[in-house]
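# Per-entry structural report
These are the residues of each chain, in order.
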Amino acid sequence: MLRRFLPITAILLAVGCVQAPAEPEAAALSIPNIEQAWIAEGFESPEGVADAPDGGYFISNVVGEGSVKDGDGYIAHLSHDGVITKRYWAAKLDAPKGMAVLDGALYATDIDNVVMFGVADGKRLGKVRIEGAKFLNDATAWNGAIYVSDSGDAAIYRISDGVAELWLQDERLAGVNGLLGEGDRMLVSTMTTGSLFSVTAEGELTEIASGMENADGIGLVPGGGYLVSSWPGQIHYVGEDGVVTTLVDGEVMQNDLTVIGDTVIVPNWGQNTVTVWKVSR
């Protein structure tokens, strides 16, 4: 797939640093800008995001290595303006990462388990153990069920009525990471080839773009196209035509990017922060 980088002046403009010469209107409409709104501090290896019912966010904290069962992981509640309102909203997890909300429950991946909590009070509702799972990563709600990625086994599992089953396994999904259920398809990112796929309910894979190193979170851009984070430090825009434009490229880790309206929220594992951006055209 064709890939291009924005000129440095355009990158700086996207994060609100300098004024760059105006580009043609058609280009401005096709490639969005993202501008940093705020940064929240005080996390411990933050990785995943889910929207809370009060307009805030749930943030998963791995606290150390992502594959170690140590009971130190937890989920914090972050307000819409960047204040940690409850550090241990849910605790005693091992290495929680991706999260999704369905029917009043928050589902959090935790190495080889998916743990459920009531979104209203953080009460633990139980867990689903996925036999054979190697490294459960992201989660999404889609078509009335929860889907979770297993980065260590090129697999996606489906959880319904408390029962997990293997939904899709394909060598093209090596290093599968981000999941986003959207309409009649699921968007899937992979780390090995840095690809963004569209997947039908029947499991048919179509590659939209590739070459985004260690692709992680996925979000829909208002007006069309996608944002994809690469956890080593990039945020990319993928057009409907599959062209990749890198909007942010730096040393700050960009993990499970999530888009809610025009808000882009990204945990920064290595910096123990969470960054919120605004996306516009």
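In what follows, the accompanying structure is described. (Residues numbered from 1 in each chain as written. Predicted model: local features only at pLDDT ≥ 70, side-chain atom pairs only at ≥ 80, totals over all residues. Heavy atoms only, no water.)

### Focus: the environment of Gly73
With respect to the secondary-structure elements, Gly73 resides in strand 5 (residues 73-78). In the structure, Gly73 is positioned 18 residues away from Ala91 in sequence and 6.4 Å away in space, judged by C-alpha atoms. Look past the residues within four positions of Gly73 in its chain and what remains in contact with it is Asn61, Val62, Val63, Ala91, Lys92, Leu93, Asp94 and Pro96. (Helix = DSSP H or I, 4+ residues; strand = E, 2+ residues; numbered from the N terminus. Contact = heavy atoms within 4.5 Å.)

### Quick look at the sheet that holds strand 16 (residues 185-190)
The strand order 15-16-17-18 describes an open sheet built from four strands, whose pairing is antiparallel. Strands with a single pairing partner mark the edges of an open sheet, and in this sheet they are strand 15 (176-182) and strand 18 (205-209). With direction set aside, neighbouring strand axes in the sheet form an average angle of 25°. Note: strand 17 (residues 196-200) against strand 18, four bridges, orientation antiparallel. (Pairing = 2+ DSSP bridges. Axes fitted to C-alpha atoms, helices over the stretch in contact; angles between N-to-C directions.)

### Thoughts on the pattern of salt bridges
Counting across every chain of the model gives eight salt bridges. The partner of Arg129 in a salt bridge is Asp112, with the nearest N and O atoms 2.9 Å apart. In this pair, Arg129 sits in strand 10 (residues 124-129) while Asp112 sits in the loop between strand 8 (105-110) and strand 9 (113-118), placing the two residues 17 residues apart along the sequence. Its relative accessible area of 44% is what places Arg129 among the partly exposed residues. Between Asp170 and Arg172 there is a salt bridge whose closest N-O contact spans 3.0 Å. Judged by relative accessible area, which is 19%, Asp170 ranks as buried. The network of salt bridges with common partners includes Lys69, Asp112, Arg129 and Glu131. (Salt bridge = Lys/Arg side-chain N within 4 Å of Asp/Glu carboxyl O. Buried < 20%, exposed > 50% of the residue type's maximum accessible area, 1.4 Å probe, protein only.)

Function-wise, these values are silent; they only describe arrangement.
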